[in-house]
Amino acid sequence: MAEAKPRKKPASGRSKTAGDPQLRPVRGTSAKAAAQTSAGTLESTTDKITRLTETNRQLKRKIFDLYTIFEISRNFSSVLNYQTLLDSFILTCVAQVSASKAAIFLKRDSQSNKFVIAKSKGSGAFPDKEGAFSGDSRMAAYLARLNRPVLTVELIDGFSTEAETDILRMFSPGLVVPLIYQSRLTGVVLIGEKMGAKEFGLDDIEFLSILGNQISVAIENARLYEAEKAATQQLLAAQHQLVHTERLAALGEMSARVAHEVNNPLGIIKNYLLLIKRAAAGNVEAGNYLEIVGQEIDRIARIVRELLDFHRPEKAASQPVDVLTVIEDVLVLMDRQFENTRIEVVREFVSNLPLVMGSPENIKQVVLNIVLNACDAMTDGGRLTIRAGRVKHGIHISFCDTGPGIPPEIIPRIFEPFFTTKEEGKGTGLGLAVCYGIIKRHGGTITYKNTEVGGCFEIVLPAVVERNSNE
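These notes cover the structure that comes with them.

Observations regarding the nonpolar core
- In this structure, Phe338, Val371, Leu384, Ile397, Phe399, Ile446 and Ile459 are the most contacted members of the largest nonpolar core, which totals 43 residues.
- Per element, the largest residue contribution to this core is seven residues, and it comes from helix 10 (residues 360-377).
- Look past the residues within four positions of leucine 384 in its chain and what remains in contact with it is Phe338, Ile343, Glu344, Val345, Val346, Val371, Ala374, Met378, Phe399, Cys400 and Asp401.
- By size, the runner-up hydrophobic cluster in this structure holds 25 residues, among which are Cys93, Ala99, Ala102 and Ile215.

Examining the environment of asparagine 288
- Along the polypeptide, asparagine 288 turns up in helix 7 (residues 284-311).
- C-alpha of asparagine 288 to C-alpha of lysine 277: the two residues are 11 residues apart in sequence and 9.8 Å apart in space.

Examining unusual backbone geometry
- Cis geometry is found at the peptide bond from serine 172 to proline 173, where omega equals 0°.
- Unlike most non-glycine residues, serine 98 shows phi in positive territory, near 55°.
- Structurally, serine 98 can be placed in the loop between helix 2 (82-96) and strand 1 (101-107).
- Overall, the relative accessible area of 32% leaves serine 98 in the partly exposed class.

Comments concerning the sheet that holds strand 3 (residues 132-134)
- Taken in spatial order, the six strands make up an open sheet running 3-2-1-6-5-4, and their pairing is antiparallel. The sheet is open, and its two borders are formed by strand 3 and strand 4 (150-151), each paired with just one other strand.
- Sheet topology places strand 2 (residues 114-122) next to strand 3; three bridges connect them, and they run antiparallel. Bridged to phenylalanine 115 within strand 3 is phenylalanine 133.
- Set on the sheet, helix 5 (residues 162-169) makes contact with strand 1, strand 3, strand 5 (175-181) and strand 6 (184-191); between it and strand 3 the angle comes to about 135°.

Remarks on the pairing of strand 10 (residues 382-391)
- Across seven bridges, strand 8 (residues 343-349) lies against strand 10 in parallel orientation. Considered in strand 10, the bridge of isoleucine 343 is made with glycine 382.
- Taking the residues that link successive antiparallel strands as the turn, the strand 10-strand 11 (residues 394-401) hairpin has two residues, and the phi of histidine 393 there is positive, at about 65°.

A look at the packing of helix 8 (residues 323-333) against helix 10
- Relative to each other, helix 8 and helix 10 sit at 50°, their axes nearing to 9 Å. Here helix 8 lies oblique to helix 10, going by the angle between them. The crossing of helix 8 and helix 10 is right-handed. Across the interface between the two elements, Val326, Ile327, Asp329, Val330 and Leu333 from helix 8 touch Pro360, Ile363, Lys364, Val367, Leu368 and Val371 from helix 10.
- Looking at the contact of helix 8 with helix 10, its residues break down into nine nonpolar, no polar and two charged.

Regarding the pattern of salt bridges
- For the coordinates displayed, the defined rule picks out seven salt bridges.
- Between glutamate 458 and lysine 449 there is a salt bridge, and its shortest N-O distance comes to 3.3 Å.
- We classify lysine 449 as partly exposed; its relative accessible area is 40%.

With respect to the packing of aromatic side chains
- Under the defined criterion, the tally for this structure stands at six aromatic pairs.
- Consider the rings of phenylalanine 126 and phenylalanine 171, whose centres lie 6.1 Å apart with planes at 65°: the pair is edge-to-face. Here phenylalanine 126, found in the loop between strand 2 and strand 3, pairs with phenylalanine 171, found in the loop between helix 5 and strand 5; they are 45 residues apart in sequence, far enough to count as distant.
- Take phenylalanine 126: its relative accessible area is 24%, and that puts it in the partly exposed class.
- Here the aromatic rings of phenylalanine 415 and phenylalanine 457 are separated by 6.4 Å at their centres, their planes lie at 75°, and the arrangement is edge-to-face. With phenylalanine 415 in the loop between strand 11 and helix 11 (431-441) and phenylalanine 457 in strand 13 (residues 455-462), this residue pair connects regions lying 42 residues apart in the sequence. Exposure class is identical for phenylalanine 415 and phenylalanine 457. Each is buried.

Parameters at a glance
Residues numbered from 1 in each chain as written. Predicted model: local features only at pLDDT ≥ 70, side-chain atom pairs only at ≥ 80, totals over all residues. Heavy atoms only, no water. Core = buried A, V, L, I, M, F, W, Y, C linked by side-chain atoms within 4.5 Å. Buried < 20%, exposed > 50% of the residue type's maximum accessible area, 1.4 Å probe, protein only. Helix = DSSP H or I, 4+ residues; strand = E, 2+ residues; numbered from the N terminus. Contact = heavy atoms within 4.5 Å. Pairing = 2+ DSSP bridges. Axes fitted to C-alpha atoms, helices over the stretch in contact; angles between N-to-C directions. Parallel < 35°, antiparallel > 145°, perpendicular 65-115°, else oblique. Left-handed = near helix turned anticlockwise from the far one by under 90°. Nonpolar A, V, L, I, M, F, W, Y, C, P; charged D, E, K, R; others polar. Salt bridge = Lys/Arg side-chain N within 4 Å of Asp/Glu carboxyl O. Phe/Tyr/Trp six-rings, centres within 6.5 Å; stacked < 30°, edge-to-face > 60°.

If you want it as structure tokens, here you go:
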């Protein structure tokens, strides 16, 4: 009987299906897939974290911007000074978006249609005062319709004129922020390039857009406040002028009555004084006394004459007057007195000033009176500076001395009759009152103000006749 052979056991660690390729496990493929899945999950998670981080950063920036705008808006609402408001706005724009410079262009007044530079801040070149944007240009219409910040390059490429392009290039690459108020373009803000070689982001554009809307309202409020303030000041000045004129008229009428009543007995006194002088011809002492009485009578007569001139001035023929010639005539007349009192006269005259219609004698009286007052104020010597130049529809003359000036509390009274700051016996207080009346009759104004080095009388006269260019 044959001996049975023992059966061989399969090798340790081998599967029964090791020889079957269909049943062999694919360990390498599963590991690779798992790794790819893990990598994808990690990448997705990283991407989500990055997006969340960016979103969080943007939210923080928006919160900060909104808080900043809230604080700025509150400050803008409390600032009614026009220039202070513009300074604050420009500084905020430059600092908040890290711009190299910025400039705001606004209309000079409500009648103008040109946007000129009103305030600027930063480094680099800026347009001069003549550079302007037109309110009727294609660029202005585009900005009003767009109502959001736009890149300067976009405007240069398709909307700006040659003059506007020259201005925009000074801020390129940068932003243009339109200022819109009630659907109207009221201003333009130019923002220079961003520092650090960076580009302006959506956050910057959104911030400037909101800020532009806020400042538009604030600027209009400030302008309305300034206009109302100016109108109120003009009204107060007009009321003060009316009261002053009525007071002068009442004083003038009273002075004329007094002068009329004084003139009659004064004439009789002078006649009898002459008779007394003849009767006392041999008495030297009596003659001296009569001489003093005669001088005082002449002084009374001069005051009476000034009273009459103040109320009922001499009617002189009106003619074209060269004010500079009148001033020079007075200065020639006063030359010796200037030399004796060590007063230096400085002339600052604009050539070819227009003529004024009036009385040369009356205007000479005004100039002489003011110059004499300046000499009285500079008893120890000094400098009298006379300036003459053009103003709108007229000429402006100023007489500025280096004297002690006038105490501010009595300046409103210096044109009142019988009011004087001179020592007793040296002034009647009628000189400036007469000057005031003469200038008023010529349709002008006369004012006084203290300066850092003395006092200054200013006269404005309407120019009705242009000087011939051939003169």
